[in-house]
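Take a look at the letters that make up each chain.
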Amino acid sequence: MKRRDFINWVGLGLIASSLPVAIAACSSQTTPVSKNWETVGTSAELDKTGQLLAKNSPAGPVLVVGTSKGANLTAVNPTCTHAGCTVGWKAETKKFVCPCHNSEFGIDGKVQKGPATEALKTYAVKIEGNSVVVKAS
Ligand code: FES
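Bear in mind that the values here come from a model prediction, so they are computed numbers and not experimental data.

Student: Before we move on, could you go through the overall build of the chain and cite the residues and values that matter?
Tutor: On a plain count of helices and strands, the chain comes out with 2 helices and 10 strands. Start at the N end of the chain and walk to the C end: the helices and strands fall as α-β-α-β-β-β-β-β-β-β-β-β. Across the 137 residues that make up the chain, the buried fraction comes to 30%. Of the contacts formed within the chain by residues at least 6 apart in sequence, a portion of 39% connects residues at least 24 apart. Accessible surface, the chain: about 8,800 Å² in total, of which carbon and sulfur atoms supply 56%.

In structure tokens form, the structure reads like this:
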């Protein structure tokens, strides 16, 4: 076997052996999401703390609370309807609380304590594969 033939043979072998790995890597990152649903993070990120904040998701700002295996997944736009601060989730009281003027919102986004008078916008949310996905309601 000539030197050039040997180099070509080794090169083709390397390409052929790495092709399945490359295809698997590409397919795991392009898991299709249901139409009109947007990925806001991974279920692993959500499960770490029980909440996931995606300030710049394609659906807008989204705060998801719950776990990927729980039945109580909830997603809201965390922009306070009083003056635009970002609400946080208080797991111990199961409320969204605004740090600016202490408005409180229930897990359904509805106002429980002012000064805010309008509910937080909510999103339908689900786990799809390893992704947390939302759809504006
Ligand atoms: Fe949230 Fe005022 S901005 S209570």
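That shown, we press on.
Student: So what's going on with the UniProt feature "domain: Rieske" (unreviewed entry) in the chain? Residues and values would help.
Tutor: Mapped onto this numbering, the UniProt entry annotates "domain: Rieske" (unreviewed entry) at residues 37-134. Measuring from the first to the last C-alpha atom of residues 37-134 gives 5 Å, for a span that is 7% helix and 44% strand.

Student: Which residues make up the environment of Val62, and what values go with them?
Tutor: In this fold, Val62 is placed in strand β3 (residues 60-65). When the C-alpha atoms of Val62 and Pro115 are compared, they prove to be 22 Å apart, with 53 residues separating the residues in sequence. Those residues in contact with Val62 that sit more than four places away from it in its chain are Val40, Leu52, Leu53, Ala54, Ser57, Ala75, Val76, Pro78, Tyr123 and Val134.

Student: Kindly report on the environment of Cys100, identifying the contributing residues and their values.
Tutor: One can find Cys100 in the loop between β6 (95-97) and β7 (104-105). For the pair Cys100 and Val134, spaced 34 residues apart in the sequence, the C-alpha separation amounts to 27 Å.

Student: Residue-level account of the pairing of β3, with values.
Tutor: Counted residue by residue, β3 has 5 buried out of 6 residues, so it is predominantly covered. Here strand β2 (residues 51-57) pairs with β3 via 5 bridges, running antiparallel. Of the residues in β3, the one forming a bridge with Ser57 is Gly60.

Student: I'd like a description of the sheet that holds strand β5 (residues 88-90), backed by residues and values.
Tutor: Strand order in the open sheet made by the 4 strands is β5-β6-β7-β8, with antiparallel pairing throughout. Here the strands that pair on one side only, and so sit at the sheet edges, are β5 and β8 (111-113). Two strands pair when backbone bridges link them, and β6 and β7 are joined in this way by 2 bridges, in the antiparallel orientation. For Phe96, the partnering residue across the bridge sits in β7 and is Phe105.

Student: Give me the lowdown on the side chain of Thr74, citing residues and values where you can.
Tutor: By secondary structure assignment, the location of Thr74 is in strand β4 (residues 74-76). You can call Thr74 buried: its relative accessible area is 13%. Contact partners of Thr74, with chain neighbours within four places excluded, come to Leu63, Val64, Val65, Phe96, Ile107 and Val125.

Student: Residues and numbers for the pattern of salt bridges, please.
Tutor: As enumerated under the stated definition, the model contains 2 salt bridges in all. As a salt-bridge pair, Lys95 and Glu104 come within 3.1 Å of each other at their nearest N and O atoms. According to the relative accessible area criterion, Lys95 is partly exposed, its value standing at 23%. Residue Glu104 is classed as buried on the basis of its relative accessible area, which comes to 18%. A salt bridge links Lys126 to Glu128; the shortest N-O distance between them is 3.3 Å. Residue class for Glu128 comes out buried when judged on its relative accessible area of 17%.

The rules we used
- Residues numbered from 1 in each chain as written.
- Predicted model: local features only at pLDDT ≥ 70, side-chain atom pairs only at ≥ 80, totals over all residues.
- Heavy atoms only, no water.
- Helix = DSSP H or I, 4+ residues; strand = E, 2+ residues; numbered from the N terminus.
- Buried < 20%, exposed > 50% of the residue type's maximum accessible area, 1.4 Å probe, protein only.
- Contact = heavy atoms within 4.5 Å.
- Areas by Shrake-Rupley, 256 points an atom, 1.4 Å probe, with all protein chains shown as cover.
- UniProt positions renumbered as here; feature names shortened; annotations may be inferred.
- Pairing = 2+ DSSP bridges.
- Salt bridge = Lys/Arg side-chain N within 4 Å of Asp/Glu carboxyl O.

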